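Remarks on the overall topology
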Amino acid sequence: MKAIVYTKYGSPDVLTAQEVEKPRPNDHEVLVKIHAVSVNSWDWDRLRGKPLLTRLEGGPFKPKYKILGVDIAGQVIAVGKDVKELRLGDDVFGDISGCGWGGFAEYVCVPEHALSYKSPSMTFEEAAAIPQAAVLALQGLRNKGKLRAGQKVLINGAGGGVGTFALQLAKMHGAEVTGVDSACKLDLLKSMGADEVIDYMQEDFLQRGLKYDLILDVVGSRSIFDFKRVLHPKGAYVMVGGPPSRIFQLLFLGPLISITGKKMSILIHKPNKQDQNMMKELFEADHVIPIIDRCYPLNKTAEALRYVGEGHARGKVVIRVVFPPK
Ligand SMILES: NC(=O)c1ccc[n+]([C@@H]2O[C@H](COP(=O)([O-])OP(=O)(O)OC[C@H]3O[C@@H](n4cnc5c(N)ncnc54)[C@H](OP(=O)(O)O)[C@@H]3O)[C@@H](O)[C@H]2O)c1
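Taken together, 23 residues surround the ligand, and among them Asp 181, Ser 182, Tyr 200, Leu 267 and His 269 come closest. At 2.6 Å, a side-chain N or O of Ser 182 approaches an oxygen atom of the ligand. Protein contacts shield 79% of the accessible area of the ligand, which totals 940 Å² for the unbound molecule.

Below you can see the structure in the form of structure tokens.
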């Protein structure tokens, strides 16, 4: 099968398209013919081995997994003998970060617990755009942030993969949402219902003098003390992503600050089939749509990663492995 392989950390230039052996499912796995796979900023970090913290999990000197890509959508084409639910021909999608990665390829073996049925009303590209980004947004707002109707919510990094899902979820729950991102993404945020938008290059949201009930932070661009200042007394700050220095700051000081009533926490990614299914239901009910900036063919995966890594993407970028018939 064709796969995009890397054996050392580096720029997208270290990726090569290779013929590798097609995997065979063990008793608890299914073999998925991948139709589409989306790119996450996590792929970008794992490609470069930066920040160094990513090497704790990804391999200290060279990558543990040779094929990146975690958010897949495709069709089941072989089934292990102990698989209970999935059948040949089922269309599925899911986050395979907990089971060996390997999405930038034509086929991958996956334990069935990681996969949800794709809705017939979704394209494979839409399904591939959902798992990690949408579940991070959902878990950040619901589990950590305890989002409620009428709250004032600020999303820092609202125009990327996680942020575009978070904005739609927050609006669906009746929140008043301010989206912060770069100028080229603000029209998109408004079109998705953002009540206020802020270009972070032009304006410092701290200077508005406003307070928020919930801040979902995808980028960790400010000190947690800055975010604390613009929280209501019982407000919550949830960090989804950020540089290691900010993550450590939050891990050590967050619990202390939280004693004062302002809850400062970090989201730890947990792939979750129920949450994937919930996002599928919200898609079917027209509450949430994946924002797909652009699609690349598998052999242009390096280009796709570069585009995401350089921060250009509005919403998600998807790799199309199988092209739908014209
Ligand atoms: N918590 C976990 O367990 C876990 C798991 C996986 C991933 N993550 C993290 O989750 C995040 C994934 O986010 P994503 O996929 O949404 O990334 P993304 O698509 O790259 O989106 C980030 C957005 O933030 C914007 N941005 C950059 N600097 C900013 C600033 N100073 N202020 C406001 N906005 C800014 C970017 O726009 P411009 O580039 O145009 O400025 C971009 O639109 C990453 O930080 C990743 O490390 C966390």
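Next comes the rest of the write-up.
Across all of its chains, the model carries 16 salt bridges by this definition. The partner of Glu 176 in a salt bridge is Lys 152, with the nearest N and O atoms 3.3 Å apart. In this pair, Glu 176 sits in strand 9 (residues 176–181) while Lys 152 sits in strand 8 (residues 152–156), placing the two residues 24 residues apart along the sequence. Residue class for Glu 176 comes out partly exposed when judged on its relative accessible area of 39%. A residue is classified by how much of its surface remains accessible, and Lys 152, at 31% relative accessible area, is partly exposed.

In this section: the environment of Tyr 237. By secondary structure assignment, the location of Tyr 237 is in strand 12 (residues 231–239). Tyr 237 sits in the buried class, given a relative accessible area of 0%. Note: C-alpha distance between Tyr 237 and Ala 137 (100 residues apart in sequence) is 13 Å. Residues contacting Tyr 237, with those up to four places away along its chain left out, are Ile 215, Asp 217, Ile 224, Phe 227, Leu 231, Leu 250, Lys 263, Met 264 and Ser 265.

Evaluated as defined, the whole model comprises six aromatic pairs. Ring centres of Phe 248 and Phe 252 lie 6.5 Å apart, and the angle between their planes is 25 degrees; on these two criteria the pair is classed as stacked. One end of the pair is Phe 248 and the other is Phe 252, both in helix 8 (residues 244–258) and four residues apart, which spans about a single turn. Note on Phe 252: relative accessible area 61%, which makes it exposed. Between the NZ or CZ atom of Lys 22 and the centre of the ring of Tyr 107, over which it lies, the distance is 4.3 Å.

Cut-offs used in this document
- Residues numbered from 1 in each chain as written.
- Predicted model: local features only at pLDDT ≥ 70, side-chain atom pairs only at ≥ 80, totals over all residues.
- Heavy atoms only, no water.
- Near = heavy atom within 4 Å.
- Polar contact = N/O pair within 3.5 Å; in protein donor to acceptor, adjacent residues only side chain to side chain.
- Areas by Shrake-Rupley, 256 points an atom, 1.4 Å probe, with all protein chains shown as cover.
- Salt bridge = Lys/Arg side-chain N within 4 Å of Asp/Glu carboxyl O.
- Helix = DSSP H or I, 4+ residues; strand = E, 2+ residues; numbered from the N terminus.
- Buried < 20%, exposed > 50% of the residue type's maximum accessible area, 1.4 Å probe, protein only.
- Contact = heavy atoms within 4.5 Å.
- Phe/Tyr/Trp six-rings, centres within 6.5 Å; stacked < 30°, edge-to-face > 60°.
- Lys NZ or Arg CZ within 6 Å of the ring centre and 35° of its normal.

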